Amino acid sequence: MKRLAVFASGSGTNFQAIVDAAKRGDLPARVALLVCDRPGAKVIERAARENVPAFVFSPKDYPSKAAFESEILRELKGRQIDWIALAGYMRLIGPTLLSAYEGKIVNIHPSLLPAFPGKDAIGQAYRAGVSETGVTVHYVDEGMDTGPVIAQRVVPIVPGEPIEALEERIHQVEHELYPTVLRMLLGEKEQQEERIENDGSETSIDQRVQ
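Nothing here was measured: the structure is a model prediction, and the numbers come from that model.

Novice: What's the story with helix α3 (residues 65-78) in this structure? I'm lost.
Specialist: Each full turn of the α-helix corresponds to 3.6 residues, which orients residues three or four apart in the same direction. A rise of 1.5 Å per residue sets the reference length of α3, with its 14 residues, at 20 Å; its end C-alpha atoms lie 20 Å apart and thus fit the reference within 8%. Within α3, burial applies to Phe68, Glu69, Ile72, Leu73 and Leu76. Viewed along the axis of α3, the buried residues span an arc of 150 degrees, placing them on a single side of the element. With respect to the buried face of α3, the exposed residues turned more than 90 degrees away are Arg74 and Gly78. One or two steps after α3, the chain reaches Gln80, where phi turns positive at roughly 55 degrees.

Novice: What's the story with the sheet that holds strand β6 (residues 132-139) in this structure? I'm lost.
Specialist: The strands making up a sheet associate through backbone hydrogen bonding, with each pair oriented either parallel or antiparallel. Pairing is mixed across the open sheet formed by 7 strands, whose spatial order is β3-β2-β1-β4-β5-β6-β7. The outermost strands of the open sheet, each flanked by one partner alone, are β3 (54-56) and β7 (149-156). Averaged over all neighbouring strand pairs, the angle between strand axes comes to 20 degrees, with direction disregarded. Bridge count for strand β1 (residues 2-8) against strand β4 (residues 83-86) is 4 bridges, and the pairing is parallel. Bridging across to β4, Phe7 finds its partner in Leu86. This element, helix α1 (residues 13-24), spans β1, β2 (29-36), β4 and β5 (105-109) of the sheet and lies at about 160 degrees to β2.

Novice: What should I look at first to understand the layout of surface pockets in this one?
Specialist: One water molecule sets the probe size; rolling that probe over the atoms shows where empty space is left. The calculated volume of the largest pocket comes to roughly 800 Å³. Put simply, the parts of the chain that give the lining of the largest pocket at least two residues each are α1, β5, α5 (121-128) and α6 (163-199). The class makeup of the residues in the lining of the largest pocket is 13 nonpolar, 16 polar and 8 charged.

About the criteria used
Residues numbered from 1 in each chain as written. Predicted model: local features only at pLDDT ≥ 70, side-chain atom pairs only at ≥ 80, totals over all residues. Heavy atoms only, no water. Helix = DSSP H or I, 4+ residues; strand = E, 2+ residues; numbered from the N terminus. Expected span 1.5 Å × (residues − 1). Buried < 20%, exposed > 50% of the residue type's maximum accessible area, 1.4 Å probe, protein only. Arc of directions from axis to C-beta. Pairing = 2+ DSSP bridges. Axes fitted to C-alpha atoms, helices over the stretch in contact; angles between N-to-C directions. Contact = heavy atoms within 4.5 Å. 1 Å grid on protein atoms, 1.4 Å probe; cavity = no way out; pocket = protein on both sides within 12 Å on 5 of 7 lines; lining within 4 Å. Points joined across faces, edges and corners; volume = space filled by probe spheres on them. Nonpolar A, V, L, I, M, F, W, Y, C, P; charged D, E, K, R; others polar.

Right under this line is the structure:
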């Protein structure tokens, strides 16, 4: 079974959705580590309740991103982490982690990328007056929400609805879509590795979730 680390900075609702999917058997992975850059974040309490080990740090205590990412990497390797799922982690991932986990870091973002990247994506879409927004799961690269898209789900914006209602509907989609995509990625990766091991061939993977 693959071992998954979840990176989060806030309340941790997507962390909880991933943990719950793994507990139900809907996700072929064990959530083996929480990484959090904000001591006191609610997600740390969630991890404690779920008996998930947590590595909590303050970036200001380190001289550079490379320094704290090197310590994170030691934690990941020490716990034999296979994949990283960003779930409200409010920092760009740097070269230290990108090189060590190439192609195995994913993120969820509450918009239809490339529209409305960065912070407050729901508010950006709401204020822009567009008719629809949504949720994107994508691979992580060095940019701000610029990695290749894996899956997207559209969420219509109802005229006149309060932003809180839109936020709730988007979060509901996130909590369903993210575990589904992770299940696909981890399951297909295992099958791909088995094919390579058995016959030396590699078959391309359709990375879209409809």
